[in-house]
Amino acid sequence: MRIGIDVGGTNTDAVLMDGHNVLGSVKTPTTANVTDGITDALGTLLRDSELKVDSVDGVMIGTTHFTNAVVERRHLTRTACIRLGLPATACLPPMVDWPKDLSEAVGGVMFMAHGGHEFDGREISPFDPGEVRDIAVQIRDEGIDVVAISSVFSPVNASFEEDTAAIVRDVIPDATITLSSSIGRIGLLERENAAIMNGCLRQLAHQTINGFRSALQEMKITAPFYISQNDGTLMAADFAAAYPVLTFASGPTNSMRGAAFLSGLRDAIVVDVGGTTTDIGVLRQGFPRVAALAVEIGGVRTNFRMPDTISIGLGGGSLIQGEPLQVGPRSVGYELTSRAQVFGGEELTATDVVVAAGHEDIGDASRVSGLDSGLVAKVEDRIEDMVNIAVDRMKTSAAEVPVIVVGGGSILVRRKVVGASEMVRPDHFPVANAIGAAIAQVGGECDQIFSLAEMTRDDALARARAEATSRATAAGADPESVEIVEVEEVPLAYLPGNATRIMVKAVGDLQEGE
Amino acid sequence: MSASVGLGDTAALALGAGILGTGGGGNTYIGRLKLDRQLRLSGAPCPVMNVEQLDDDTLVVGVGMTGAPTVGIEKIEAGDEVARAVQALAAHLGRDFDALVINEIGGSNALEPLMSALQLGLPVLDGDGMGRAFPELQMDTFSIGGIPASPLALGDCHGNIAIFERLSSPLQAEEWARNLTIEMGGSAALVMSLMSGAEVKANLVRGTLSLALDLGRALMQAREDKVASPAQVIADLGNGRVLFEGKIVDVERRTVQGFARGRMSLQAFDNPDDRMEIVFQNENLVAWRDGDVECCVPDLITIVTLEDGTPLGTEMLRYGLRVAVIGMPAVRELKTPAALEVVGPAAFGYEDVRYTPLPGDLLPAAP
């Protein structure tokens, strides 16, 4: 059996799954220290299902904690960056395009040194151990022990990043080091940005993952636990502690994967209504459609593959104003159960309107029975419009498609969306997120440039597939189950010798019973 | 236009250059960061000169980067490659230059010459040799107008500089420059098309730097105003029209002689049988709608995101993207019989496609 947990900004949800069956689910408020919220959720879940903890094979946790830390510029550790590539790249030093408040919060020091590789694996400049050692000493003297290391074309050859790490470790024995080659693809600035963000989140990740671990220990759960990443696959907890940046955008991915699982639909539009926002995305063959353009996190450009979603300011806690009519984007968020009128509060929220209309029985309905019925009707019309427009923006054809509605706030979406072939609100819709975490697989990626003058295309593809497969296995996949789910080839313009960039993604089921 | 480009203009310039890049021309994000940094270092905007202000006996040269855009996003330049190659060529000639010329206004090569001009203390001319982007060296109005490819200088990040004293033809230049570019790591500074003031007046496509700025500004304003079709705003300004709106349903890529060639299919939103096919070689070349040629080189085919008009490079194209296809007429300098031999559909291997120009020109005739 598996337990899936989603630690959101507002709620911590947990589900218990046996194979494809959802045996139980629970929604509890997220707590400031994260651990208590998980303990509460697990306690309720285990009690309700009368489950013995030793029958749990794995716990899968999805969290927005690290994304929020960057967005809110909180809990970030001072991080140094060393880039190898001189004399190339000198005109754009690390963090060149970061928002000022974030680079100040990271408080980093940036260095550039000789090294780096050409696209075909030749060295740009020889690696200079003395130069790197001098830099490491300066970092140590600054009192910094978190270091991100990048090198030009390190996805093709990571040896200079590894050599640099060895020297840094020699000078700063307790250094926490992130290599750009281990987290990103081609695109120096974006990959380096991810490495620096990863560095400044490492300490928070260490604490948070330990918090998760102690919550599980408190519940006497000894099964291994995993963290979900942006592409909907899992990483082992220790790996996540080293690579927190890979959790970015895992939330929307999990809710869409959960929606696909619960509805049995592979191609559909998913409307995930939370407390403050509604995220809309597209499922294609059971996986979220990926955004084509670069994605910014907290104002920093990255090249992670993120689900292509749009977010609108509509949720269960959205504040309602009468004149002129306004629904959201301001929201009472996690304070819904104290500030909404049906819960005895003063604020008129979208949830109050749904209760006043008689659609749902939440809290104390009598507290909103006097609400002007004209206003109720207008708010319902406005919500319908907001959802219709957003869904239409995400549609890729005029053909009707199924619309799956999930999330705690999905009671707001009651009417058929224009252009929907059917409206599906599956069982367990409020906890689709946690279910998406529970059903996740593990994956690995390869993104390299191959010269097809030196090998055949088949050899290059085979090499890329083998690399992706071995990365998936290293991340915990059962080797028997690993499949290649994505192959993309981009021939590089202007270069003879048939230089081709090949990206391969492999995914497999989690190895059980470790 | 205002006689300079400053920090407040680079966002618009990058966007406009992306539109004129017609799918190629390189990543303008990095180009803009480099130019911004140089503007801050210089503490002054980059001077822009109208070509008519040049005396006939002055000396100018075209500059830019050549190579694979994918290399450019990873092995970022040292930053002074172009300036050093220009200085080396000046030393070789024993004569200083009076202004720099933008070889290619489409893509990142619109921004690079401004950065180099600031480093060298020279103005850039308001114009270029294409009014768009093209994949090969001989595909510009300078070469078409008979300006020799040599002397030509190539430079890398180490300060290595090669000067080709004599090249027998533009095609020879293309071949040798490309091979040396590979040796230099797949991306190099290119300085070519040495011209007197009189020669550049005879061959420059005037006003394209201003056009790129205007296109970018108009698109930014359209986004701010949340206009329904940003693509229409672009098309109007470029004297063109929106050819198609739909989603990409197929993209196929292959390498032919070092170029990224490919084909994509688009499907209209309201009618799945209404389709557009577009072929590209770095840049978009020919668009067919339901079997008929709708637009082809040298006219411009630019694909933008439907929502906010962001121009898409051919490397960014993928299944499911919702896009608008914009067709804009080429500048008139590319439509002469001599030019069409070099930049018409047949020059890209489409002998069966007859060039039927879109009405009008990208830019109005000079007064």
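## Remarks on the pairing of strand β18 (residues 326–331) of chain A
Residue and element names in this part refer to chain A.
Okay, step 1: For strand β17 (residues 318–321) and β18, the ladder comprises three bridges, and the chain directions are antiparallel. Considered in β18, the bridge of Ile320 is made with Val327.
Okay, step 2: Where β17 folds back onto β18 in an antiparallel hairpin, the turn is made up of four residues.

## Re the sheet that holds strand β8 (residues 176–179) of chain A
All names here are of chain A.
Okay, step 1: Taken together, four strands build an open sheet; the order of strands is β6-β5-β7-β8 and the sheet is parallel. Each of the sheet's edge strands pairs with one partner strand only, and the pair in question is β6 (109–114) and β8. Strand-to-strand, the axes of this sheet are offset by a mean angle of 20 degrees, without reference to chain direction.
Okay, step 2: In the sheet, strand β5 (residues 80–86) pairs with β6 via six bridges, with the strands oriented parallel. Paired with Leu84 across the two strands is Ala113, which belongs to β6.
Okay, step 3: The strands that helix α4 (residues 129–141) touches are β5, β6 and β7 (146–151); relative to β6, the one it contacts most, it runs at about 170 degrees.
Okay, step 4: Here helix α6 (residues 188–218) sits on the sheet in contact with β5, β7 and β8, set at roughly 165 degrees to β7.

## Things to note about the pairing of strand β11 (residues 268–273) of chain A
All names here are of chain A.
Okay, step 1: A large share of β11 lies buried, amounting to six of its six residues.
Okay, step 2: Here β11 shows two buried faces, one formed by Ala268, Val270 and Asp272 and the other by Ile269, Val271 and Val273.
Okay, step 3: When β11 meets strand β12 (residues 278–284), the two strands line up antiparallel, connected through six bridges. Paired with Val271 across the bridge in β12 is Ile280.
Okay, step 4: Between β11 and β12, which pair antiparallel and follow one another directly, the connecting turn spans four residues.
Okay, step 5: As judged from the four bridges shared by β11 and strand β19 (residues 401–406), these two strands associate in the parallel manner.

## Notes on the domain arrangement of chain A
All names here are of chain A.
Okay, step 1: According to the domain assignment, chain A contains domain 1 (80–205), domain 2 (311–430) and domain 3 (440–508).
Okay, step 2: Computed from C-alpha atoms alone, the centre-to-centre distance between domain 1 and domain 3 is 25 Å.
Okay, step 3: Taken together, the contact between domain 1 and domain 3 spans seven residues of the former and nine residues of the latter.
Okay, step 4: A combined buried area of about 730 Å² lies between domain 1 and domain 3, and 55% of that area is made up of carbon and sulfur atoms.
Okay, step 5: In terms of surface lost to domain 3, no three residues of domain 1 exceed Phe119, Arg185 and Ile186, which account for 67% of the buried area on that side.
Okay, step 6: The tally of links between domain 1 and domain 3 comes to zero salt bridges.
Okay, step 7: Between the two partners, domain 1 and domain 3, sit one residue pair in polar contact (both at pLDDT 80 or more).

## Concerning the nonpolar core
Residues and elements named next belong to chain B.
Okay, step 1: Counting residues in hydrophobic clusters, the biggest one holds 73 residues, and the most contacted among them are Leu13 and Phe97.
Okay, step 2: Each of domain 1 (4–206) and domain 2 (228–348) gives at least three residues to this core.
Okay, step 3: When residues no more than four places from it in sequence are discounted, the contact partners of Leu13 are Val5, Leu35, Leu111, Leu114, Leu209, Ala212 and Leu213.

## Quick word on a negative patch on the surface
Okay, step 1: Among the surface-exposed residues, Asp55, Asp57, Asp96 and Asp98 of chain B lie close enough to one another that they form a single negatively charged patch.
Okay, step 2: Relative to the helices and strands, Asp98 of chain B is located in the loop between α4 (81–93) and β4 (99–102).

## Quick look at the pattern of salt bridges
All names here are of chain B.
Okay, step 1: Under the defined criterion, the tally for this structure stands at 36 salt bridges over all chains.
Okay, step 2: A salt bridge links Lys201 to Asp56; the nearest nitrogen and oxygen atoms lie 2.9 Å apart. Within this pair, whereas Lys201 is found in helix α8 (residues 197–203), its partner Asp56 is found in the loop between β2 (46–49) and β3 (59–67), the two being separated by 145 residues in sequence.
Okay, step 3: As a salt-bridge pair, Asp361 and Arg332 come within 3.4 Å of each other at their nearest N and O atoms. Of the two residues, Asp361 sits in the segment after α11 (337–343) while Arg332 sits in the loop between β16 (322–328) and α11, which places them 29 residues apart along the sequence.

## Points about helix α10 (residues 230–237) of chain B
In an α-helix, one turn spans 3.6 residues, which is why side chains three or four residues apart end up on the same side.
All names here are of chain B.
Okay, step 1: Turning to α10, its buried residues number three or more, namely Pro230, Ala231, Ile234 and Ala235. Around the axis of α10, the buried residues are gathered within 140 degrees of arc, so they sit on the same side.
Okay, step 2: Where α10 ends, the next residue or the one after it, Asn239, has phi of about 60 degrees, a positive value.

## What to know about the domain arrangement of chain B
All names here are of chain B.
Okay, step 1: If you check the domain split of chain B, you get domain 1 (4–206) and domain 2 (228–348).
Okay, step 2: If you average the C-alpha positions of domain 1 and of domain 2, the two centres end up 25 Å apart.
Okay, step 3: Counting residues at the interface gives 27 residues for domain 1, matched by 26 residues for domain 2.
Okay, step 4: Together, the buried faces of domain 1 and domain 2 total about 2000 Å²; carbon and sulfur atoms form 69% of this surface.
Okay, step 5: Our count for the contact surface shared by domain 1 and domain 2 stands at zero salt bridges.
Okay, step 6: The tally of links between domain 1 and domain 2 comes to six residue pairs in polar contact (both at pLDDT 80 or more).
Okay, step 7: Going through the elements one at a time, α1 (10–20), α3 (69–72), α6 (141–144), α7 (170–183) and β9 (205–206) are the ones with two or more residues in the side of domain 1 that touches domain 2.
Okay, step 8: For the side of domain 1 that touches domain 2, the leading source of residues is α1, giving four residues.
Okay, step 9: Here the residues of the side of domain 1 that touches domain 2 are counted per class, giving 12 nonpolar, 10 polar and five charged.

## Here we look at the layout of surface pockets
Residues and elements named next belong to chain A.
Okay, step 1: Reported here for the second largest pocket is a volume of approximately 680 Å³.
Okay, step 2: When contributions to the lining of the second largest pocket are tallied by element, the ones reaching two or more residues are β21 (441–451) and α13 (457–474).
Okay, step 3: Element by element, the count of residues in the lining of the second largest pocket is highest for β21, at six residues.
Okay, step 4: Tallied by class, residues from the lining of the second largest pocket come to nine nonpolar, 10 polar and eight charged.
Okay, step 5: There are two domains that each give the lining of the second largest pocket at least three residues, and those are domain 1 (80–205) and domain 3 (440–508).

Calculation rules
Residues numbered from 1 in each chain as written. Chains lettered and ligands numbered in written order. Predicted model: local features only at pLDDT ≥ 70, side-chain atom pairs only at ≥ 80, totals over all residues. Heavy atoms only, no water. Pairing = 2+ DSSP bridges. Helix = DSSP H or I, 4+ residues; strand = E, 2+ residues; numbered from the N terminus. Axes fitted to C-alpha atoms, helices over the stretch in contact; angles between N-to-C directions. Contact = heavy atoms within 4.5 Å. Buried < 20%, exposed > 50% of the residue type's maximum accessible area, 1.4 Å probe, protein only. Domains from an automatic or database assignment. Buried area = accessible area lost by both parts, 1.4 Å probe. Salt bridge = Lys/Arg side-chain N within 4 Å of Asp/Glu carboxyl O. Polar contact = N/O pair within 3.5 Å; in protein donor to acceptor, adjacent residues only side chain to side chain. Core = buried A, V, L, I, M, F, W, Y, C linked by side-chain atoms within 4.5 Å. Patch = residues over 30% accessible without salt bridge, like charges linked within 9 Å, V, L, I, M, F, W, Y side chains within 5 Å. Areas by Shrake-Rupley, 256 points an atom, 1.4 Å probe, with all protein chains shown as cover. Lys, Arg positive; Asp, Glu negative; His and termini not counted. Charge placed at Lys NZ, Arg CZ, Asp CG, Glu CD. Arc of directions from axis to C-beta. Nonpolar A, V, L, I, M, F, W, Y, C, P; charged D, E, K, R; others polar. 1 Å grid on protein atoms, 1.4 Å probe; cavity = no way out; pocket = protein on both sides within 12 Å on 5 of 7 lines; lining within 4 Å. Points joined across faces, edges and corners; volume = space filled by probe spheres on them.

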